[in-house]
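# Fold and geometry: a report
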Amino acid sequence: MASISLKAPLSGVVVPLEQVPDPVFSQKMVGDGASIDPIDALLVAPCDGKVTQLHKAHHAVTLTTADGIEVMMHIGLDTVNLKGEGFTPKVAEGATVSTGDPLLGFDADYLATHAKSLLTQVLVTNMERVAGIRPATGLVQAGRDLFLGIETAAGDAAEAESSGKTASSEAILIPNPTGLHARPAAVLANLAKRFQSRVLLRRGEDEANAKSVVSIMGLEVSLNDKVVVIATGPDADEAIAAIAPELAAGLGDEGTAPAPAPATTEPDPAAAPPPRPRSDDPTLLLGVAASPGLGVGRVFQLRRDELQVTELAAGEPRVETRALEDAIEHAKNELEALQAELHAKADPAKAAIFAAHQELLQDPDLMDIADSAIAKGKSAAFAWQRAYATHAERLAGLKNEVMAGRAADLRDVGRRVLGILTGQPVQEPEIPQGAILIAEDLSPSDTAKLDPAMVFGFATVGGGATSHVAILARSLDIPAVAGIEPRALELDDGQDVILDGGKGQLRIDPDPAEVERILTLKHRMAQRKQADLAAAHEPAITTDGHRAEVVANIGGLDDARASLPLGGEGVGLLRSEFLYLERQTAPTEDEQTSIYAEIATALEGRPLLIRTLDVGGDKPLPYLPMPREENPFLGIRGVRIGLDKPEILRTQVRAILRASATPRARLRMMFPMIATIDEIRAVKGLIDEERARVADAGEVEVGIMVEVPSTAVMARQFAKEVAFFSVGTNDLTQYTLAMDRGHPKLGAKADALNPAVLQLIKQTCDGAHAEGKWVGVCGGVASDPQAVPILVGLGVDELSVSVPVIPTVKAAVRERSLAGCRTLADQALACDTAAEVRALVASDD
């Protein structure tokens, strides 16, 4: 037995580990030792040793003494989320240091405002080598005072490699937003220590002792890394069975799904997905509106057989790897050719989708899974199919509809490569003219090749309104329904149907009179569409001289440019999320300034309203870790994120202010999910602070989204704080009716023309106008021609709509008088249901 003395690595007050407000440390899951509440900001070596681990976030460092004692120093709580910001390493991994040598510097002020606590933990992580620990008390001075006295255990307590059976898990995708940092590493190590077997965590060619927190952290496992658990010993199978599912579930780490509870004999009814909506009419199938329009035609069932790939006949791993690399390169060339063809047809939106497909082929995670399987003796085809299927299943299971919809993109890319590998390219079916396609799902490649002259519409069992397939359908002007009832797959080829993409319905075997009515209606709609387009550049003025501004909802520069030929009078909603999504780091201030300025320039003096970043627990960003919430729609989202983590919001505000100096720019700034006066006042204070830092900022109007009832009810008070309101009817409807608009049974009932929602819009307009402020509507209802006269009658000044319907909405305003719109609005407010409101408008046509 020997004694080791650790000097204080920081000056400060010693705090017993049991008092640290983090159970991973207080329950000594990482190791035993003590904590320091620091009064300086330079971490020094507490003993002689070697730097065996320096975390990539620079918040933790480990020294190993000559006696093999591992001493980990962890600065602050939850500081891994800062991703290195505020830390300055003074040593490199592998360096030999002496007592008192500098290890890490940190910005105490920054950590104090961005981390949970500055408490710094000093821990012995391999306690099997230690017989006892004696922490100091009171105030200690760095490099001078004793901090921990350690008595090492007699003999060699190092773990001997177990003999016996070896078992390994399947490849596991790490779900932890910040990887396996100290907290999940401690949970994993404690779990592994329950078993006699030697347990390793392997990523590629690197591996770590799964019973050692330091070893796990030294592996630097990140979000979405692929790892395998390997156990050797008498209870190897039991170890894998216990550890693998916990690791896949996130080890209970914040921001991941909680570790699963012990299984029960009773099934959990809440785990079953809600049933799809079903019509009481056997001739009517229901789904979700994906692309508006009417299609009259005959069923054509589009079925693709999945390529069957066996594990047999694998060659040498290097040969299989080369075959996979060649197939991927071939697929990239095909996608580049398709992208170039679409660019040549002046269709950048579709071209961008296939550019994204090329990015998917470069995803290192896919190759990691495939390489792992090839290394185990699998063929390139089998390994690739497993890789893309694993990723696609994970995406499809996400709650975020947009991200889940990208599973189809991944399967599309995966099948393309698999077809090349197996010599079985996807065969294009011969689709008859007048077809209404029915499919389990369509890939973006399938959809992009559809000819509107041949295909009059399609319905898919899978997908949603935000999928790339739906986006392509709208760009091709093909009516489409997503999420159709599965019995659609049982319809016979050639069966007569009517597809209503706007209502999300498929009518089976309609009578001839109904078909004739729909064809006549389609002809009238086509004529009207041409007339609306011809008058697109005329202002939207009612017959008695009242003007409503009609502007566009956009998601980028291409949309802004596309809105101008259709008569768009500016932008009423720029969804700035397009700058933040599908990337690993936040957009820089310069990057944002540039794109905002480009859009403002393209609008040639027309207004540009930018909504600040609107994300939440349901659609998190990889570089903005957020805890998973039980109900993300009532949690930290919208402006609350910006106020909770202000650096991203401050950067965006500065970028908008800088872009406002662009010649002829007319910028407006709008904040989402404002629910209280305190929130908007906090935002205004932040804007004032950033304006003082931007020398050449122009005038920028500041407004808020009206998305929650509290804002509408207090509209007059809010109007004293801001220049304008924009009503987000999608969320306002959801919060007013307590109905998730994405719910398969409730979605159809979450109608923004419900009288309760209309009452709140009316209150918003009245409150704003009393203070001389204007009101826009940027939610989906503004694009609904039936709703336009009601909204104008309620007092809405601006309608911000999807780009293709700008001419239609302007025409709808011109058809009526303001007096008639007000009468219609009063009648709508007196209705009992949304159906009555819609019937009111329809009967008035």
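Check the entry above for the structure.
What comes next is a walk through the structure. In this text the structure is predicted, and so the values were computed from the model without any measurement. (Residues numbered from 1 in each chain as written. Predicted model: local features only at pLDDT ≥ 70, side-chain atom pairs only at ≥ 80, totals over all residues. Heavy atoms only, no water.)

## A word on the packing of helix α18 (residues 646-659) against helix α19 (residues 677-691)
- At their nearest, the axes of α18 and α19 sit 10 Å apart, and the two run at 60° to each other. Judged by the angle between their axes, α18 and α19 are oblique. α18 and α19 meet at a crossing whose hand is right-handed. Counting all contacts with α18, which are made through P646, L649, R650, V653, R654 and L657, the residues of α19 involved are L686, I687, E689, E690 and R691. (Axes fitted to C-alpha atoms, helices over the stretch in contact; angles between N-to-C directions. Helix = DSSP H or I, 4+ residues; strand = E, 2+ residues; numbered from the N terminus. Parallel < 35°, antiparallel > 145°, perpendicular 65-115°, else oblique. Left-handed = near helix turned anticlockwise from the far one by under 90°. Contact = heavy atoms within 4.5 Å.)

## Describing unusual backbone geometry
- Not every positive phi belongs to a glycine, and N224 is a case in point at roughly 70°.
- Relative to the assigned elements, N224 resides in the loop between α4 (213-218) and β19 (226-232).
- Located in the positive-phi region is M673, a residue other than glycine, with phi close to 60°.
- Here M673 lies in the loop between β31 (666-671) and α19.

## What to know about the sheet that holds strand β22 (residues 294-301)
- The 8 strands are arranged β20-β27-β26-β22-β23-β24-β25-β21 in an open sheet whose pairing can be described as mixed. Each edge of the open sheet is held by one strand with a lone partner, namely β20 (284-286) and β21 (288-291). The average angle at which neighbouring strand axes cross in this sheet is 30°, direction not considered.
- As judged from the 2 bridges shared by strand β24 (residues 455-460) and strand β25 (residues 480-482), these two strands associate in the parallel manner. By the bridge assignment, A459 is partnered in β25 with V481.
- Together, β22 and β26 (496-500) form the strand contacts of helix α14 (residues 512-534), whose direction differs from that of β22 by roughly 125°. (Pairing = 2+ DSSP bridges.)

## Brief notes about the packing of aromatic side chains
- The tally for this structure, following the rule as stated, stands at 2 aromatic pairs.
- Here W384 and Y388 contribute two aromatic rings whose centre-to-centre distance is 6.3 Å and whose plane-to-plane angle is 55°, an arrangement assigned as tilted. Linking W384 with Y388, this pair stays in helix α9 (residues 380-396), spanning 4 residues, or about one helical turn.
- Residue classification places W384 among the buried residues on the basis of a relative accessible area of 1%.
- Relative to W774, the ring of F724 lies with its centre 4.8 Å away and its plane at 10°, an arrangement referred to as stacked. (Phe/Tyr/Trp six-rings, centres within 6.5 Å; stacked < 30°, edge-to-face > 60°. Buried < 20%, exposed > 50% of the residue type's maximum accessible area, 1.4 Å probe, protein only.)

## Re the packing of helix α16 (residues 589-602) against α18
- For the pair α16 and α18, interaxial distance at closest approach is 8 Å and the crossing angle is 40°. Judged by the angle between their axes, α16 and α18 are oblique. Note on packing geometry: the crossing formed by α16 with α18 is right-handed. Where α16 abuts α18, its residues E589, D590, Q592, T593, Y596 and A597 lie against T651, Q652, R654, A655, I656, R658 and A659.

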